[in-house]
Amino acid sequence: MPASSPRISILMYHQVGRFNNPRIHRPMYCDVGRFRRQMAWLHWCGYNVISLNDAYACLFMGRPVPRRAVVLTFDDGCENFREYAWPILKAYRFPASVFLVADLIGHETRWVTDIPEKAPLMTGETIRSLHKEGVMFGAHTLNHVYLTRCTPDEARREIVESKSRLEDLLGETVSDFCYPYGDYNAQVAEMVRDAGFRCGLTCIRAAANYAKNPFELPRKAISYGDTLVGYLWKLHAKNVPKGEKPPARVATDGFA
Ligand SMILES: [Zn+2]
């Protein structure tokens, strides 16, 4: 889609809850009070919070993009999503996609090795009940690995089996994939496509309109330190990937 079309910002969250001012990994945390204000702000300012499904249709199937379009994604599938984020999302009827680490369902974030605290991950039962309530789920490998550091066979297994494992759990096709750490290359992206996923979400900071293809979808990380001003800035700036020029014709859709 032309980069000058109304922009779609895909926001990346991890954990939502109450945290003691984390010193490192700050993009992994969002205080629930801040999260509530961010969602209220999206609501009151007339943002269109759309599903990843709808964003895909806009980006790659020619569906018109609504004004101020935002997609909410949550990586890793931490248990605190159910407790803190989902009740707020439900109150606003905002759709959300959660990316699960398929071999660690019901365990904890054991791949985070440089801090002692590990976060519990949702159980299969929680996932199935949230799915019934409308939460969408995608795959985030089996073990939260750096895919470009795996052998090709390992990487393929992490991708292919995460899909089948989650499809068995949910009883439906799982179409969306998210690269752990945003780590991918052309070979990994091809494996994701060959596994039958329709898209791959990265950590490239830009509007989703700048996707070079469905397997390189940019996202904007929301961090613990983001005030509403910082949040606003991320929505309205960070739209062009590093090193690229914005399109000559400026979007005419006002804010977004
Ligand atoms: Zn992750």
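Right, let's walk through the structure included here.

Reading the values: the criteria
- Residues numbered from 1 in each chain as written.
- Predicted model: local features only at pLDDT ≥ 70, side-chain atom pairs only at ≥ 80, totals over all residues.
- Heavy atoms only, no water.
- Helix = DSSP H or I, 4+ residues; strand = E, 2+ residues; numbered from the N terminus.
- Rg over C-alpha atoms; globule rule 2.2 N^0.38 Å.
- Contact = heavy atoms within 4.5 Å.
- Areas by Shrake-Rupley, 256 points an atom, 1.4 Å probe, with all protein chains shown as cover.
- Donors = N, O, S within 2.8 Å, 3.2 Å for Na, K, Ca; no water.
- Salt bridge = Lys/Arg side-chain N within 4 Å of Asp/Glu carboxyl O.
- Core = buried A, V, L, I, M, F, W, Y, C linked by side-chain atoms within 4.5 Å.
- Buried < 20%, exposed > 50% of the residue type's maximum accessible area, 1.4 Å probe, protein only.
- Right-handed = clockwise from strand over helix to strand, strands pointing away.
- Pairing = 2+ DSSP bridges.
- Phe/Tyr/Trp six-rings, centres within 6.5 Å; stacked < 30°, edge-to-face > 60°.
- Lys NZ or Arg CZ within 6 Å of the ring centre and 35° of its normal.

## Comments concerning the overall build of the chain
Scanning the chain for helices and strands turns up seven helices and ten strands. For a compact globule of 256 residues, the expected C-alpha radius of gyration is about 18 Å, and the chain comes in at 17 Å, within 12% of that figure. Dimensions along the principal axes, computed over C-alpha positions, put the chain at roughly 45 × 40 × 35 Å. Restricting the contact set of the chain to residue pairs at least 6 apart, pairs at least 24 apart contribute 65%. When the accessible surface of the chain is split by element, carbon and sulfur atoms take 51% of a total near 11900 Å².

## Things to note about the coordination of the zinc ion
Each donor-metal-donor angle would ideally measure 109.5 degrees in four-coordinate tetrahedral geometry, or 90 or 180 degrees in six-coordinate octahedral geometry. Only D76 (OD), H140 (NE2) and H144 (NE2) from the protein coordinate the zinc ion, and they sit 2.1 Å from it. Sequence positions of the residues that donate to the zinc ion give the spacing D-x63-H-x3-H.

## Description of the pattern of salt bridges
Summed over all chains, the structure comprises twelve salt bridges. Two residues, R82 and E79, come together in a salt bridge whose shortest N-O distance is 2.7 Å. One connected set of salt bridges, linked through shared partners, spans D103, R157, E161 and R165.

## A word on the nonpolar core
Where a protein is soluble and globular, its nonpolar side chains tend to be buried together. Counting 52 residues, the largest nonpolar core has L42, L72, F74, F81 and L89 as its most contacted members. The contact partners of F74, leaving out residues within four places of it in the chain, are Y13, H14, V16, F35, F81, A85, L89, A96, S97, V98 and F99. Core analysis: the second largest hydrophobic core is formed by 18 residues, C58, A69, F99 and A211 among them.

## Looking at the pairing of strand 6 (residues 97-100)
Covered by surrounding structure in strand 6 are S97 and F99 together with V98 and L100, the residues of both alternating faces. For the crossover that starts at strand 5 (residues 69-76), traverses helix 3 (residues 80-92) and ends in the parallel strand 6, the hand is right-handed. The pairing of strand 6 with strand 7 (residues 136-139) spans four bridges and is parallel. Along strand 7, the bridge assignment pairs V98 with F137. Running through helix 4 (residues 124-132), the crossover from strand 6 to the neighbouring parallel element strand 7 is right-handed.

## Overview of unusual backbone geometry
You will see that R68, though not glycine, has its phi angle at about 50°, which is positive. Here R68 lies in the loop between helix 2 (52-60) and strand 5. Positive phi, normally seen in glycine, also occurs at D76, with a value near 90°.

## Observations regarding the packing of aromatic side chains
In this structure the tally under the stated criterion is 14 aromatic pairs. Centre to centre, the rings of F177 and Y179 are 5.5 Å apart; their planes meet at 75°, and the pair counts as edge-to-face. Across the pair, exposure class does not vary: F177 and Y179 are buried alike. Taken together, the ring pairs in this structure connect Y13, F35, F74, F81 and W86 into an aromatic cluster. Looking at R149, its charged tip hangs above the ring of Y146, at a distance of 3.7 Å from the centre. Sitting over the ring of F197, K163 keeps its end group 5.5 Å from the ring centre.

Keep in mind that these numbers describe shape and distance, not what the molecule does.
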